[in-house]
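Topology and contacts: notes
Each chain, written out:
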Protein chains: 2
Amino acid sequence: MSSAVRRARRPSGGRDQLLETAVGEFITRGYDATSMEDLSRAAGITKSSFYHHFTGKEALLRAALERAVDGLFGVLSLPVAQTGGPAQRLRAIVSEQVRVLMRELPYVTLLLRVRGNTETERWALERRRAFDAAVTGLVREAVEAGEVRADVDPALAARLLSGLVNSIVEWYRPGRPGSATLPDDVVNAAFTGIVPAPTDRA
Amino acid sequence: MSSAVRRARRPSGGRDQLLETAVGEFITRGYDATSMEDLSRAAGITKSSFYHHFTGKEALLRAALERAVDGLFGVLSLPVAQTGGPAQRLRAIVSEQVRVLMRELPYVTLLLRVRGNTETERWALERRRAFDAAVTGLVREAVEAGEVRADVDPALAARLLSGLVNSIVEWYRPGRPGSATLPDDVVNAAFTGIVPAPTDRA
C-alpha cells in the first residue's frame, strides 16, 4: 500500500500517540487489567486530558481494533487482490497481509488476542471471521480452478494459512534483519513449503 | 469434609482434575486475574481443600506448564525423532508435536500464552526457547545435508514452522472432524506447502 494511503489513515497528532501508548499497555498488562489511571500515567498526561481524546477504555480498544481491521480489509480491496486467477490473488493477499502485520504490528497483535469479552471484542472477532471467510473462499476457488492441490481441505488450508501469517506477530519486530523479504518468504512458505525438499524447487 | 473423604479424593485423579479446572480458568480469565477463590469456586471445593493439593496459584501454573513442556521434550526423545536423516527426523517431530498439542491442548495453550511475568513463566519461556532451538538446529542440519532448500534461512524456517504448528491451538478442539489426519496434514503443509500447486504433487 502506498505511503500516501498510510499517511491518510494516520493523521498526526496527540490522539494517535495516545492510542499507540494505550495499545502498548493493553498488550503488556492485558486489556482487563489496564485502568485509565495506568494509561494516563504511561502517556504522561492527566486522566481528564486523556478523556478529552477518548471517552474511555472501550473507545480506545475500538479505535485500535478498527485500525487493525481496516488494514486487513484494505488488503482485500487492493487492485492486486482482485487481479488474476484465485491462486495469484491469494499470493497477493498473503503478501499484503504480512505487510499490514509488520506495519500495524501492535494493533494486529491486539486484534489477535481478542477473546470476545466485550461488545467491541465480539465485533472485532466477527470482522476477523469475515476476513478469514474471504480467504477460505479464495482457497476454495483455487482448488476448484485446479490451481491448488485438490486433496487439501480448503477450510483447513485457510486456517493453517492464517496461523502461519499471524504467527509472525509473536517474533517480528520492526527493523529486524530480513524484514524486506519477509512477505515473499511467507508467500513461498505457504505455496511451496516452509522446509521444502530441493526437488520441489520451481 | 471428613479426612476420609478427602483422602478418597487424593489419588492423582483428584489432583489432575483440579489442575485441569485451574488451567481452564487461567485460559478464560488470564492467570493474573484468577484468584484461588475463583479456582475453588470453579472446582466446587473449599480453598483449604485446594491448598491441600497445591501450595498456591504459582504451583498450579508450574504443574500445568511442566505438563506441556514435558510433552514437547518427550517428542524430541522419541525413537522416531532420532532415526534417519534430519528431514525425516524433522517430519517425525512436527507430526508428534501436533499430537502433543492435540492431546495436551489446554496445557500447551497456556504455555503459548506465557509472557515471562513470574519466575515460573520465565522458566517456561526458557524451555520453549530450548525446544525451538533444537528444531532450528535440525532445520539447519537438513539444509546442510541438502535435504531442504538452501535458500531458506533456517532460523526463519524454524520460526514459521513453530508458528504453523502452534497456531492449531487457536481452533483445534477434541473430536473435531479431520482430527485423525491433522498431524499428517500439518507435516505436508510444512514440507510441500499449505496451498501447493498441483505440479508439486509427489
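Being a predicted model, the structure only gives us computed values, none of them experimental. (Residues numbered from 1 in each chain as written. Chains lettered and ligands numbered in written order. Predicted model: local features only at pLDDT ≥ 70, side-chain atom pairs only at ≥ 80, totals over all residues. Heavy atoms only, no water.)

**So, the overall build of chain A**
We count it as follows: Helix and strand labels come from DSSP, where a helix needs a run of H or I of at least four residues and a strand needs a run of E of at least two; each type is numbered from the N terminus. Exposure classes here rest on a 1.4 Å probe applied to the protein chains alone. A residue is buried below 20% of its type maximum, exposed above 50%, and partly exposed in between. In this analysis, two residues are considered to be in contact whenever any of their non-hydrogen atoms come within 4.5 Å of each other. To measure how exposed things are, a 1.4 Å probe is used in the Shrake-Rupley method; for residues, cover is taken only from the protein chains shown. By the counting rule applied here, Lys and Arg register as positive and Asp and Glu as negative, while His and the ends of each chain are not counted. Charged side chains are reduced to one point each, which is NZ for Lys, CZ for Arg, CG for Asp and CD for Glu.
Within chain A, the secondary structure is distributed over 10 helices and 0 strands. Each helix and strand of chain A, placed in order from N terminus to C terminus, yields the pattern α-α-α-α-α-α-α-α-α-α. Considered along the principal axes of its C-alpha atoms, chain A spans approximately 60 × 35 × 30 Å. When the 202 residues of chain A are sorted by exposure, 50% land in the buried category. Considering only intrachain contacts with a sequence separation of at least 6, the fraction spanning at least 24 residues in chain A is 65%. If you sum the accessible surface of chain A, you get close to 9,300 Å²; carbon and sulfur atoms cover 51% of it. One way to put it: in chain A the 27 positive side-chain charges average out to a point 3 Å from where the 24 negative ones average out.

**Let's talk about the domain arrangement of chain A**
All names here are of chain A. Note the threshold: These domain limits were set by an automatic method or by a database of domain assignments. As a working definition, buried area equals the accessible area (1.4 Å probe) given up by two parts on being put together, with both sides summed. Each salt bridge in this description consists of a side-chain nitrogen of Lys or Arg and a carboxyl oxygen of Asp or Glu lying within 4 Å of one another. Each polar contact in these results corresponds to two N or O atoms within 3.5 Å; when the atoms are within protein, one needs to be able to donate a hydrogen and the other to accept it, and residues that are neighboring in sequence are counted only if both atoms are side-chain atoms.
Assigned domains within chain A: domain 1 (12-54) and domain 2 (57-191). In this structure, domain 1 and domain 2 have C-alpha centres spaced 27 Å apart. Taken together, the contact between domain 1 and domain 2 spans 15 residues of the former and 16 residues of the latter. Carbon and sulfur atoms make up 72% of the surface buried where domain 1 meets domain 2, a total of about 1,300 Å² over both sides. When residues of domain 1 are sorted by the area they lose upon contact with domain 2, Leu19, Ile27 and Tyr31 head the list and together hold 45% of the total. At the boundary of domain 1 with domain 2, the tally comes to 0 salt bridges. On the surface where domain 1 and domain 2 come into contact, there are 4 residue pairs in polar contact (both at pLDDT 80 or more).

**So, helix 6 (residues 86-103) of chain A**
Under the convention used in this document: Expected helix span is taken as 1.5 Å per residue step, with the number of steps being one fewer than the number of residues.
Here helix 6 of chain A spans 25 Å end to end across 18 residues, near enough to the 26 Å set by a 1.5 Å rise per residue. Helix 6 of chain A sits mainly inside the fold: 15 of its 18 residues count as buried.

**Observations regarding the UniProt feature "DNA-binding region" (unreviewed entry) in chain A**
The criterion, for reference: UniProt positions are given in the numbering used here, feature names are shortened, and annotations may be inferred rather than shown by experiment.
Mapped onto the present numbering, the UniProt feature "DNA-binding region" (unreviewed entry) falls at residues 35-54 of chain A. Helix makes up 75% of residues 35-54 of chain A and strand makes up 0%, while its end C-alpha atoms are separated by 13 Å.

**Considering the relation of the copies chain B and chain A**
Selection rule: When the copies are overlaid, the least-squares fit takes in C-alpha atoms only where the residue has pLDDT of at least 70 in both copies.
After a rotation of 180 degrees and a shift along the axis of 0.0 Å, chain B superposes on chain A with an RMSD of 0.0 Å. Taken together, these values place the two copies in the relation of a two-fold axis. Every residue of chain B has its C-alpha some distance from the rotation axis, and the shortest such distance is that of glycine 193 of chain B, at 1.9 Å. An overlap of 100% is found between the interface residues of chain B and their copies at the interface of chain A, pointing to a shared contact surface.

**Some thoughts on the environment of glycine 71 of chain A**
Within the secondary structure layout, glycine 71 of chain A lies in helix 5 (residues 57-76). Residues glycine 71 of chain A and valine 100 of chain A, 29 residues apart in the sequence, show an inter-C-alpha distance of 6.1 Å.

**Points about the pattern of salt bridges**
Enumeration according to the criterion identifies 24 salt bridges over all chains in this entry. Here glutamate 37 of chain A ties to lysine 47 of chain A by a salt bridge, and the two come within 3.2 Å at their closest N and O atoms. Of this pair, glutamate 37 of chain A sits in helix 3 (residues 36-43) while lysine 47 of chain A is found in helix 4 (residues 47-53), placing the two residues 10 residues apart along the sequence. The residue arginine 103 of chain B makes a salt bridge to glutamate 104 of chain B at a minimum N-O spacing of 3.9 Å.

**Focus: the confidence of the model for chain A**
Applicable threshold: Known as pLDDT, the predictor's confidence for each residue is given on a scale from 0 to 100.
Looking at chain A, pLDDT values average 90 and 92% of them are 70 or higher. Scored below 50 in pLDDT, residues 1-13 of chain A makes 15 contacts in the model with residues more than four places away or belonging to other chains.

**Some points on helix 7 (residues 105-113) of chain B**
Burial of helix 7 of chain B is extensive: 7 of the 9 residues sit out of reach of the surface. Within the span of helix 7 of chain B, buried status applies to Leu105, Tyr107, Val108, Thr109, Leu110, Leu111 and Leu112 of chain B.

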